[in-house]
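# Survey of secondary and tertiary structure
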Amino acid sequence: MPADTDSVLRKLEEREKTEGELPPLLKLYQALLRVQAEVERKLASQSQAGLSREAIKQRLESGTPLVNFDELALDGELLSDTFRQVIAIFADHYAGPAGSSPERLRELQSEYHLTRETVRSWFEKQKLPAKSLARGVNRNLFHAIIGATLKPFLVSHARTLIGSIDQERWRRGYCPVCGGKPDLAFLTGDQGARWLKCSRCDTEWLFQRLQCPYCDNQNQNDLTYFTDDAGLYRLYICERCKSYIKAVDLRKNESLLLPLERLYTMDIDRQARERGYRPGYGL
């Protein structure tokens, strides 16, 4: 089961007590997690319309994620409040990129309204309408703000539905719950089964060892991986689509929290980009 938000927060607090002030990126992440954890608690008290067993079976067999946009439980007031809090966090911990500023982000809190149309475009991985982009805010940063805002809502659905997924039968390169792309992989079990982790809702699902999750390439001549000296981390690359995905071998250390490993392994991202590859979840 994916690590819950509170567990990750406790781990960060332990590190903070041991090492002192957290690095800037972890402080940003910690602040976001606190907001997201509170939203998750509020959503846990709300009833959500569920899918019948037959509907779940039909969607999974046809390769259709279990949640489409119109079925998302998006409380408008809670969504707007979360959006404003997320913007404030990014402004307080601002460290780039060009084309934005903390002052502009703070202005955004009062003047920008996150519309359902914008959220739909983000969820369905469509290009955001030009009119929905926040003036004076970097496009990638704006995407990150929307993603951080929607995360607790998606996680809430994922926790409800994850037990309905037949892991042996899904094995696709996108999330069985929300349709998001994976941004991390991990290995478990005696045979080193490879699992993928959704970049949006943190759902985990079983996947093939020798297949690119982004372009479905299975040509072994195009697929390879690099590993560190300890064998704990891997970098899987695909020569066909020039994408990469990081992986953690949990057989080496089962106590690692994967949400934190996304950040702890950012040097692997740097090395991958220097080699000419790009993160597959951004394709």
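So, here is what we can say about the structure in this document. (Residues numbered from 1 in each chain as written. Predicted model: local features only at pLDDT ≥ 70, side-chain atom pairs only at ≥ 80, totals over all residues. Heavy atoms only, no water.)

## Section: the packing of aromatic side chains
For the structure on display, the rule yields 6 aromatic pairs. Ring plane angle 15 degrees and centroid distance 6.1 Å describe the contact between Phe 186 and Trp 195, whose orientation is recorded as stacked. With a centroid separation of 5.3 Å and 45 degrees between ring planes, the pair formed by Tyr 225 and Tyr 236 is classed as tilted. With Tyr 225 in strand E4 (residues 223-227) and Tyr 236 in strand E5 (residues 233-238), the pair connects residues that are 11 residues apart, well separated along the chain. Residue Tyr 225 is classed as partly exposed on the basis of its relative accessible area of 39%. (Phe/Tyr/Trp six-rings, centres within 6.5 Å; stacked < 30°, edge-to-face > 60°. Helix = DSSP H or I, 4+ residues; strand = E, 2+ residues; numbered from the N terminus. Buried < 20%, exposed > 50% of the residue type's maximum accessible area, 1.4 Å probe, protein only.)

## Let's talk about the nonpolar core
Of all hydrophobic cores here, the largest spans 62 residues; its most connected members are Phe 90 and Leu 105. Per-element tally for this core: the top contributor is helix H7 (residues 139-161), with 10 residues. Apart from residues lying up to four places away in sequence, Phe 90 is in contact with Leu 28, Leu 32, Leu 105, Leu 141, Ala 144, Ile 145 and Ala 148. By size, the runner-up hydrophobic cluster in this structure holds 14 residues, among which are Tyr 233, Leu 235, Ile 237 and Leu 256. (Core = buried A, V, L, I, M, F, W, Y, C linked by side-chain atoms within 4.5 Å. Contact = heavy atoms within 4.5 Å.)

## Examining the environment of Lys 181
Tracing the sequence through the fold places Lys 181 in the loop between helix H8 (167-170) and strand E1 (182-188). Residue classification places Lys 181 among the partly exposed positions, given a relative accessible area of 22%.

## Some thoughts on the packing of helix H2 (residues 24-44) against helix H4 (residues 76-92)
Two measures define how a pair of helices packs: the angle their axes make with one another and the distance between the axes. Look at H2 against H4: their axes get within 9 Å of each other, and the N-to-C directions meet at 170 degrees. The angle between H2 and H4 falls in the class roughly antiparallel. From H2, Leu 28, Ala 31, Leu 32, Val 35, Val 39, Lys 42 and Leu 43 reach across to H4, where they touch Leu 78, Thr 82, Gln 85, Val 86, Ile 89 and Phe 90. The residue makeup of the contact of H2 with H4, split by class, is 10 nonpolar, 2 polar and 1 charged. (Axes fitted to C-alpha atoms, helices over the stretch in contact; angles between N-to-C directions. Parallel < 35°, antiparallel > 145°, perpendicular 65-115°, else oblique. Nonpolar A, V, L, I, M, F, W, Y, C, P; charged D, E, K, R; others polar.)

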